[in-house]
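Understanding the architecture of this molecule
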Amino acid sequence: MFGTTQPKKYTPKIMKKILLASALFLTLHYSSYISAARQSDIKTSSLLSTLSLNEKLAQLQSASIYIIEQSSDEEGNISTDSLRKYYPHGIGLMNIDFALSKTKERYCRQVNSLKKYNQSLPHPIPILFIGEGLHGLMGNEATVFPQAIALGCSFDTAMVKKIYDITALEAHSRGIRMLFSPILDLAREPRFGRIEEMYSEDPYLCGILGTQAVRAFQKTTPQGNLYIAATLKHYMGHGQVEGGRNVAAYTGNYNDLLNNHALPFEMAINAGAACVMPAYNDVCDIPVTVNHFLLQDVLRKKLHFNGPIISDQNAVDVVHTVNSIAPDLQTAAEMAITAGIDVDIIGATGTYQMLKQSVLQGRLPVQVIDKSVQNILDLKQRLGLFDNDNPVDISYMQKVNNCPEHKAAAREMAQKTIVLLENDGILPLTAQSQKQFTIAVIGQNATELPYGGYTAEPKYPGVTILDGIKNYAKDKNIKVLHTLGCQYSKTPGQWWGNSNNHLQTKEVNDSLLRQAIQVAQQADVIILCIGENESFCREAWGEEFHVGDRDDLNMLPPQDNFIQEISKVGKPIVTIITGGRPLILSNAKQYSNALIQAFYIGQEGGNALADLLFGEKNFQAKLSVSMPRSTGALPCYYNRKPNRFRSYIFEPSDPDQHALYPFGYGKSYSTFQISEPMPDKKTYTPEQDININCTVTNTSNTDGTETVQLYIHDEVSKTVRPVKELRRFQKVRLKAGEHKNITFTLNKNDLMYYDNTLNKIFEPGDFRIMVGNSSTNTKDCTITVNNE
């Protein structure tokens, strides 16, 4: 199988022959991937024929954010002389770092300066401006929604579509026409700091939510153009890296890769995704950036993707500097563009400018470069940039960014992402009419509001948990006390900051504990706000100064000890866990009357939590990832193989209990009953729809929403298949005592998988259908699908 052995070290002469042969193959066969619409696009083809080699290469590399920044004045105006010096042939793409832009107005002036410069060139090709849109636009004063791992907990496709509609609008108002989003990696490795960027451990849920992002970004304008180009990342295996270390190797095989990690990409590509970004990691010893099998045989042929392929930042360099697959940077650039990488996204410097020498030296046919340039020009044409490259309207941008409607959507989205794990009846909190109700809010995360990765700094000042509780308590008979109580981090969390993940000392925390006990004794209930911040869960891009992966998923000290000590006060405890990854919550579960998981919940998170704590809104979120019992019990994702059933010593013997809280789990103030699934018949042919019916009943006195989940299992298969796989879900809103009948419809494609020859097949036979409200609480039936 391609890439399963250690790559050989080739001499430069042999490497040159390999590159030329690969380039010729790619050039001859690429036409099979080009759509009829692209073949008929005369305008961009004619433009391509007039460009010099230097102008072509300018289209295949982003400009350096550092050069742009050092060429800008305080107002954001950029020196034309500097642009002529560094970019005499124009700028193809630009991703301005919003952490450097300082204000949104300064950013807009930078954009307009760059637009004006490119329009002054002999071939005024418009710049494609890029942004990050993982959980709202990464831009100063843009709306900050809950992080991706929290969005996954909503299971709310319509709401996710709405927040990405808003993200697209705010990005478009700033001149951005490409977003590096959605991220479709599988959240299988909690030690990995980038797990916060991933919707779920489940491929189907990732694909559904990613598809909503694509549809929101890529709506059609009144002129018939693409609104914003979505970029799927990180293709693929990025969520299951060795040891949970950033950019480490993917730990599975091609069979697992295609059946699990490829599914969300396939779903989003079928929705029309414009671009794909490969991952840094290697798969079976070949970095994805130069992995011809994954980029051509899988992405182009099996998944039928025909748009531009965009490198991650300086990923082409890593082929040489880290992985030593290429003897030098020039060869790395040749390997990447030959494998199918159209654009080199750079930080300070890149590699694709070296391709000029590759062409002049006869190492690379110019047709390979032409193919990539055509891809980018075609995308710019689809976006309408050649016909409408007007300056950014600063007043309009100010009007739409973080407007009241967008703030309201951020609050609603946060309400739908917060998971109730435990509740002995203490929630919702209610004040007695004749007696003042006193709440003690304790913990470092009460006054910090971590947003997670790919949020602009300075951070938008959102609503903390303490702020949200105080906002609710106004004009009510509720007294709110606050003390720090325990401090795991010496400094506030900061995703962009360096060398800032230092634990607070025991001496300081001993003093804080004494103060917390005094405050807790005055309260009727304690709200404990603990967990992590961005300094301890983030993208790790610097070994000495910017790490973010962890080898231990226990609560950062002294938090576990603090819960135990504060419980001795004898007051009810509501524990709120905030952060970006699943942590081990055994201690929190033991000593809490109510336990809430609130992944990074965005700028309105404090108000949203207060709405839920006091019963103004009902909990409805479900875990998008499994919560482990211990670090040593990893992996614990639910869709395991049937042979992963052995329990560790002292671990529950039931494999379904190997996670402390399973995928799909979440409580509410309501209770529900889901009937056994009933197929509309027992036997089907492959081409027939499979209709599965069930009844959902609200058995409580409180209106609420249940998420009904449908899983499948192939009873006998050619290769080992997971014990269950999510294939459908539906959120059902029910009044107290109400019931509803719902129907799930499956088809043949839902039952297919890639076999050990990497061909997608359907096998007739029996399939178990499981329906319930979590991956471990289901009822089942069996259907048969025959070829007859």
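1. Regarding the overall build of the protein
In terms of helices and strands, the protein carries 24 helices and 26 strands. Over its C-alpha atoms the protein spans a radius of gyration of 27 Å, differing by no more than 12% from the 28 Å that the globule rule assigns to 788 residues. By its C-alpha atoms, the protein is 85 × 70 × 50 Å across when sized along the principal axes. Per-residue burial for the protein yields a buried fraction of 63% across its 788 residues. Counting contacts in the protein only where the partners sit at least 6 residues apart, residues at least 24 apart contribute 78% of the total. Total accessible area on the protein is roughly 28900 Å²; 49% of this is exposed by carbon and sulfur atoms. Averaging the locations of the 77 positively and 80 negatively charged side chains of the protein gives two centres separated by 1 Å.

2. Observations concerning the layout of surface pockets
Quantified by volume, the largest pocket comes out at close to 1200 Å³. Forming the boundary of the largest pocket are 43 residues, of which Asn246, Glu539, Ala540, Trp541 and Gly542 lie nearest the centre. Elements that contribute at least two residues to the lining of the largest pocket include exactly α5 (65-70), α7 (98-101) and β4 (229-235). Looking at the lining of the largest pocket residue by residue, the class counts come to 20 nonpolar, 11 polar and 12 charged.

3. Considering the sheet that holds strand β10 (residues 478-483)
Here we have six strands laid out as an open sheet, ordered β8-β13-β12-β11-β9-β10, and mixed in their pairing. The open sheet terminates on both sides in strands that have one partner only, identified here as β8 (419-423) and β10. Pairs of neighbouring strands in the sheet enclose a mean axial angle of 20°, with direction left out of account. Relative to strand β13 (residues 594-599), strand β12 (residues 573-579) is paired through six bridges, and the arrangement is parallel. Residue pairing in the sheet places isoleucine 576 in a bridge with isoleucine 596 of β13. Taken strand by strand, helix α22 (residues 559-567) contacts β9 (437-442), β11 (525-531) and β12, and its axis lies near 175° from that of β11.

4. Side note on the sheet that holds strand β2 (residues 128-131)
Ordered in space as β1-β2-β3-β4-β5, the five strands form an open sheet in which the pairing is parallel. Each end of this open sheet is capped by a strand with a single partner; those strands are β1 (93-94) and β5 (275-278). As judged from the two bridges shared by β2 and strand β3 (residues 178-179), these two strands associate in the parallel manner. Paired with isoleucine 130 across the two strands is methionine 178, which belongs to β3.

5. Remarks on α22
Within the sequence span of α22, burial applies to Gln559, Asp560, Phe562, Ile563 and Ile566. When α22 is viewed along its axis, its buried side chains cluster within an angular range of 160° and face the same direction.

6. Regarding the packing of aromatic side chains
A full pass over the atoms with the stated rule returns 17 aromatic pairs. A centroid spacing of 4.9 Å and a plane angle of 50° characterise the contact between tyrosine 454 and tryptophan 495, whose relative ring orientation is tilted. Taken together, the residues tyrosine 454 in the loop between β9 and α20 (465-473) and tryptophan 495 in the loop between β10 and α21 (506-520) connect sequence positions 41 residues apart. The pair formed by tyrosine 454 and tryptophan 495 is uniform in burial state, with each residue classed as buried. Summarising the aromatic geometry, the rings of tyrosine 472 and phenylalanine 614 are spaced 4.1 Å apart at their centres and angled 15° between planes, so their arrangement reads as stacked. Here tyrosine 472 is found in helix α20, whereas its partner phenylalanine 614 is found in the loop between α24 (605-613) and β14 (627-628), with 142 residues between them in sequence. A relative accessible area of 7% means that phenylalanine 614 is categorised as buried. Taken together, the ring pairs in this structure connect Phe155, Tyr204, Tyr638, Phe663, Tyr711 and Phe729 into an aromatic cluster. Above the ring of tyrosine 637, the side-chain terminus of arginine 644 is found at 5.1 Å from the ring centroid.

7. Looking at the packing of helix α11 (residues 203-217) against helix α12 (residues 254-270)
One can describe the packing of α11 onto α12 by two numbers: an axis separation of 8 Å at closest approach and a directional angle of 25°. By the criterion of interaxial angle, the relationship of α11 to α12 is roughly parallel. The two elements α11 and α12 meet at a crossing, and its hand is right-handed. Note on element contacts: α12 touches α11 through Asn260, Leu263, Pro264, Met267 and Ala268, opposite Pro203, Tyr204, Cys206, Gly207, Ile208, Thr211 and Val214. Of the residues assigned to the contact of α11 with α12, the class counts are nine nonpolar, three polar and no charged.

8. Comments concerning the packing of α20 against α24
Between α20 and α24, whose axes approach to 7 Å, the crossing angle comes to 55°. When the interaxial angle is binned, α20 and α24 end up oblique. Between α20 and α24 the crossing geometry is right-handed. Two secondary-structure elements touch here, α20 through Ile465, Gly468, Ile469, Asn471 and Tyr472 and α24 through Gly606, Asn607, Leu609, Ala610 and Leu613. Residues belonging to the contact of α20 with α24 are distributed by class as follows: six nonpolar, four polar and no charged.

The rules behind these values
Sequence order as written defines residue numbering, which begins from 1 separately in each chain. Side-chain atom pairs in this predicted model are given and counted only at pLDDT of 80 or more, local residue features only at pLDDT of at least 70, and totals for whole chains, interfaces and linings cover all residues. In computing side-chain properties, one takes all heavy atoms of the structure into account and sets aside hydrogens as well as water. What counts as a helix is a DSSP run of H or I of at least four residues, what counts as a strand is a run of E of at least two, and both are numbered from the N terminus. For the radius of gyration, the atoms used are the C-alpha atoms, and the globule rule reads 2.2 Å times the number of residues raised to 0.38. Buried, partly exposed and exposed residues are distinguished by accessible area as a fraction of the type maximum, computed with a 1.4 Å probe on protein chains only: under 20%, between the cut-offs, and over 50%, respectively. Pairs of residues are marked as contacts when any of their non-hydrogen atoms sit within 4.5 Å. With residues, only the protein chains shown are counted as cover, and all accessible areas are computed by Shrake-Rupley using a 1.4 Å probe. In this charge count, Lys and Arg are treated as positive and Asp and Glu as negative; neither His nor the chain ends contribute. For the purpose of locating charges, the reference atoms are NZ of Lys, CZ of Arg, CG of Asp and CD of Glu. Here a cavity is any set of points on a 1 Å grid over the protein atoms alone where a 1.4 Å probe fits but cannot get out, and a pocket is any open set with protein on both sides within 12 Å along at least 5 of 7 lines; a residue lines the site when it has an atom within 4 Å of a point. Grid points are joined across faces, edges and corners, and a volume is the space filled by probe spheres set on the points. Gly counts as polar in this scheme, as do all residues outside two lists: the nonpolar Ala, Val, Leu, Ile, Met, Phe, Trp, Tyr, Cys and Pro, and the charged Asp, Glu, Lys and Arg. Whether two strands pair comes down to DSSP finding at least two bridges between them. For helices, the axis comes from a line fit to the C-alpha atoms of the stretch in contact; other axes are also lines fit to C-alpha atoms, and the angle between any two N-to-C directions lies between 0 and 180 degrees. What the arc measures is the spread of directions leading from the helix axis to the C-beta atoms. Classification of ring pairs rests on two measures: the distance between centres of Phe, Tyr or Trp rings, Trp counted by its six-membered ring, which must be within 6.5 Å, and the angle between planes, read as stacked under 30 degrees, edge-to-face over 60 and tilted in between. The rule is short: NZ of Lys or CZ of Arg within 6 Å of the ring centre and within 35 degrees of the ring normal puts a charge over the ring. In what follows, roughly perpendicular refers to angles from 65 to 115 degrees, roughly parallel to angles under 35, roughly antiparallel to angles over 145, and oblique to any angle outside these ranges. By definition, turning the near helix anticlockwise from the far helix through less than a right angle yields a left-handed crossing, and turning it clockwise yields a right-handed one.

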